[in-house]
Amino acid sequence: MPFSAQPPASGERYALSASLDNARHLSSLLRAVHFQDYATCLATASGLRVTVEDAKCIQANAFIQAEIFQEFSVQEESVMFRINLSVLLDCLTIFGTSSLPGTSTALRMCYHGYGYPLMLFLEEGGVVTVCKINTQEPDELLDFDFCSTKVVNKIILQSEGLREAFAELDMTSEVLQITMSPDKPYFRLSTFGNAGSAHLDYPRDSDLMEAFHCNQTQTNRYKISLLKPSTKALALSCKVSIRTDAQGFLSLQYMIKNEDGQICFVEYYCCPDENITEAEL
Amino acid sequence: LSRIGDELYLEPTESGLSLRAVNSSRSGFASFLFAPLFFQLYEPGSAGPETERFRCKVHMKSFLGIFRSLPSLEKSVGKCLILLKPLASRLVLQLHCKYGVTKTHNLAFQECERLQAVFDTQSCASRLCAPARVLAEAVVHFPPMLAEVTLGTGPGGKISLRNYVEDKAEPSKTMVTELWLAEDEFQSVAVAPGSHITFCLKEFRGLLSFAEASNLPLTIHFDEPGRPVIFTLDDTVLEVHLVLATLSDLQSNSRSPSTNGVSHLPAPSDDFADDLESYMAAMETSEGGSERAPSPTFSLRTPRPALARSKPEEEEEEEEGAVPGTPPHKKFRSLFFGSVMTPGRPGLATTQEVLAEDSEGES
């Protein structure tokens, strides 16, 4: 749906300017990382990355590549700002959140540069809304130093198999324990709640298992309250890759297909929980 | 079972796995007995002459949490394995799901005494059997929050259902709903004419939903007011009992002609103290066999306007139970009553009116 209202004069140069025919391509991904009010946006020539962190232990990133946008231009090498993600999402979905086929909100995003607000022009059915959201100094982001060469264990699962498990996690448990091993139980999710312990086992030869590369038996515990928000990303995704490194840092990467079949990624990084004492099984 | 109590009692027996629950006031008890044939594999474990078979109880919510979403269970779970591990203090429930996925739940349990209500369907004067649907359609006319309902037999073999209204309620402010079912709606009717009983509808509704879902006919065994009403469902692999206390009817001055030496307590005297404390004190002294001891059944609340009505929330304080009917030929453990019951003991009437005694003394 072509954007019809007048954007600001074409002579001006924006640090970041982008157009998107269907704002849902952006809003649904941002929802998958929306577990804190504030996010840091980084725009480079390859696209937009939105980062949310919590407790210095968990970081979620939503990647929307430049190819998803109808127009995407970044003047400098990179543009970075901190913004209220709750407000941004409210604006992107200002025409409502129901996804009726055939209707979509068109978006134009403009950012002058440091100190300026982010401007959003949203149009649906001839109605235009203009939003200006203040931006802040970006915080330093966590660096988990997680790279593919350091990965000890990796599996790729079809999300369908994990969705229900994550939605029904026993939240009375403080931790989610993840065991990955070349031997039984191969891949196990465990909780230790008020009623007792629960274990969810996925065998390596399950139909859900797309790839299984486990070299070492590792058992790590993560604060369940930190990982629970990743359920949103899981719900949107078709596949998820689960990787751990030698220190027990966890990387969850979700492959998400949007309405037009384009692929985007959301990833979650989480530190293992050192403080929890040996929980009884 | 969760409509009755907060704890689920599991007892493996030779004749199957029994799941039971009792309500907090000990006026409602339900048991589901799944025959060995219901299972693909059933190993109840051994019971020696000295040792009993292991039994336990778990929190109802914890157990139900494992079977949270029925539609998804049906789609994804192939089979369920239940293991009782006394040494590990765990009840293990393992669900084998699609795609080779296994969900294992290790529930903490508590050891418990045998939970057994005392009742005998054979000693009931009246019996009705109807498809669950008929009763469900009848019960739907009553408001969801209605506590008690009266089932009665009327002229022409008709069966009535009426919401129970306290006598002290203002007639102008209460709504009375009454419906009559013809004899031919029932599969069988064998009732004493003019009989009626009042029981808790809320607890009955739970069983009714189950009966409807499993398409089983429901049989109601009842006798005089004050004696428990027993609802049963029977299937080749499942036996269900729901035993509920009923309101005792003072007007008819019931002294049931018991076949086994157990009788109702006499009706309270007119100058009986009308507050809960004296009632409780009187209860304690009644064990000695005083003829004037008050009945701990609902009788306390019927047509005595001065008496404080026990509201559902206060039920814990009152021992509301019905006089049990002792199964004449069974000698059972009676952990429940603290002594082995034998028929014909005259003092019995004044001891346990409780339907399902908690012998652990937790309350």
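Residues numbered from 1 in each chain as written. Chains lettered and ligands numbered in written order. Predicted model: local features only at pLDDT ≥ 70, side-chain atom pairs only at ≥ 80, totals over all residues. Heavy atoms only, no water.

We now examine the overall build of chain A. Summing up its helical and strand segments, chain A has five helices and 19 strands in all. Expected size for 281 residues packed as a compact globule is a radius of gyration near 19 Å; at 20 Å, chain A falls within 12% of this value. Seen through its C-alpha atoms, chain A measures out along the principal axes to roughly 65 × 40 × 35 Å. Sequence-distant contacts, at least 24 apart, represent 67% of the contacts inside chain A between residues at least 6 apart. For chain A, the accessible surface area stands at approximately 12,900 Å², while carbon and sulfur atoms represent 48% of it. Side chains of chain A give 21 positive and 35 negative charges; the mean places of these two sets differ by 2 Å. (Helix = DSSP H or I, 4+ residues; strand = E, 2+ residues; numbered from the N terminus. Rg over C-alpha atoms; globule rule 2.2 N^0.38 Å. Contact = heavy atoms within 4.5 Å. Areas by Shrake-Rupley, 256 points an atom, 1.4 Å probe, with all protein chains shown as cover. Lys, Arg positive; Asp, Glu negative; His and termini not counted. Charge placed at Lys NZ, Arg CZ, Asp CG, Glu CD.)

Residue and element names in this part refer to chain B. We note that the domain assignment places domain 1 (7-111) and domain 2 (126-237) within chain B. A separation of 31 Å is found between the C-alpha centroids of domain 1 and domain 2. Between domain 1 and domain 2, roughly 420 Å² of surface is buried when both sides are summed, and carbon and sulfur atoms account for 65% of that area. For the interface between domain 1 and domain 2, the tally reads zero salt bridges. Summed over the shared surface of domain 1 and domain 2, the result is two residue pairs in polar contact (both at pLDDT 80 or more). Taken together, the residues of the side of domain 1 that touches domain 2 sort by class into six nonpolar, two polar and no charged. (Domains from an automatic or database assignment. Buried area = accessible area lost by both parts, 1.4 Å probe. Salt bridge = Lys/Arg side-chain N within 4 Å of Asp/Glu carboxyl O. Polar contact = N/O pair within 3.5 Å; in protein donor to acceptor, adjacent residues only side chain to side chain. Nonpolar A, V, L, I, M, F, W, Y, C, P; charged D, E, K, R; others polar.)

Another aspect to go through is the domain arrangement of chain A. Residues and elements named next belong to chain A. Domain annotation of chain A identifies domain 1 (16-136) and domain 2 (151-270). Here the C-alpha centroids of domain 1 and domain 2 sit 27 Å apart. Across the contact, 22 residues belong to domain 1 and 19 residues belong to domain 2. Of the roughly 1,700 Å² buried between domain 1 and domain 2 on both sides combined, carbon and sulfur atoms contribute 58%. Contact with domain 2 buries surface across domain 1, with His 25, Ala 32 and Ile 58 losing the most and accounting together for 30% of the total. Applying the counting criterion to the domain 1 and domain 2 interface returns one salt bridge. Between Glu 259 and Arg 24 there is a salt bridge; the shortest N-O distance is 2.6 Å. Inspection of the region where domain 1 meets domain 2 yields eight residue pairs in polar contact (both at pLDDT 80 or more).

Here we come to the interface of chain A and chain B. Taken residue by residue, the interface counts 16 residues in chain A and 17 residues in chain B. Both faces combined, the contact of chain A with chain B buries some 1,400 Å², and carbon together with sulfur accounts for 44% of it. On the surface where chain A and chain B come into contact, there are two salt bridges. There are seven residue pairs in polar contact (both at pLDDT 80 or more) connecting chain A and chain B. Elements with a contribution of two residues or more to the side of chain A that touches chain B: helix H3 (159-167) and strand S14 (196-202) of chain A. Per element, the largest residue contribution to the side of chain A that touches chain B is seven residues, and it comes from S14 of chain A. In terms of residue class, the side of chain A that touches chain B is built from six nonpolar, four polar and six charged. Sheet topology note: the S14 of chain A/strand S7 (residues 102-108) of chain B ladder contains six bridges and is antiparallel. When the bridges of S7 of chain B are listed, Ser 197 of chain A appears paired with Asn 106 of chain B. (Pairing = 2+ DSSP bridges.)

Residue and element names in this part refer to chain A. Burial analysis of strand S7 (residues 106-111) places six of its six residues in the buried class, which makes it a mostly covered element. One ladder, built from five bridges, connects strand S1 (residues 16-20) with S7; its direction is antiparallel. Following the sheet pairing, Leu 16 is matched in S7 by Tyr 111. Here S7 hands over to strand S8 (residues 118-124) after six residues, with Gly 113 in that stretch at a positive phi of 145 degrees. (Buried < 20%, exposed > 50% of the residue type's maximum accessible area, 1.4 Å probe, protein only.)

Looking now at the packing of aromatic side chains. With the rule as written, the count across this model stands at 20 aromatic pairs over all chains. With a centroid separation of 5.8 Å and 85 degrees between ring planes, the pair formed by Phe 199 of chain B and Phe 204 of chain B is classed as edge-to-face. Taking relative accessible area as the criterion, Phe 204 of chain B reaches 3% and is therefore assigned buried. Three or more aromatic residues joined by ring pairs form one cluster here, namely Phe 32, Phe 34, Phe 38, Phe 39, Tyr 42 and Phe 210 of chain B. One cation-aromatic arrangement involves Arg 82 of chain A over Tyr 38 of chain A; the distance from NZ or CZ to the ring centre is 4.2 Å. (Phe/Tyr/Trp six-rings, centres within 6.5 Å; stacked < 30°, edge-to-face > 60°. Lys NZ or Arg CZ within 6 Å of the ring centre and 35° of its normal.)

Quick look at the sheet that holds strand S14 (residues 196-200) of chain B now. Residue and element names in this part refer to chain B. With respect to topology, four strands assemble into an open sheet ordered S12-S11-S10-S14, the strand pairing being antiparallel. Of all the strands in the sheet, just strand S12 (178-181) and S14 have a single pairing partner and so form its edges. Across the sheet, the mean angle separating the axes of adjacent strands is 20 degrees when strand polarity is ignored. Note: strand S10 (residues 148-153) against S14, five bridges, orientation antiparallel. Within the sheet, the bridge partner assigned to Thr 150 lies in S14 and is Thr 198. (Axes fitted to C-alpha atoms, helices over the stretch in contact; angles between N-to-C directions.)

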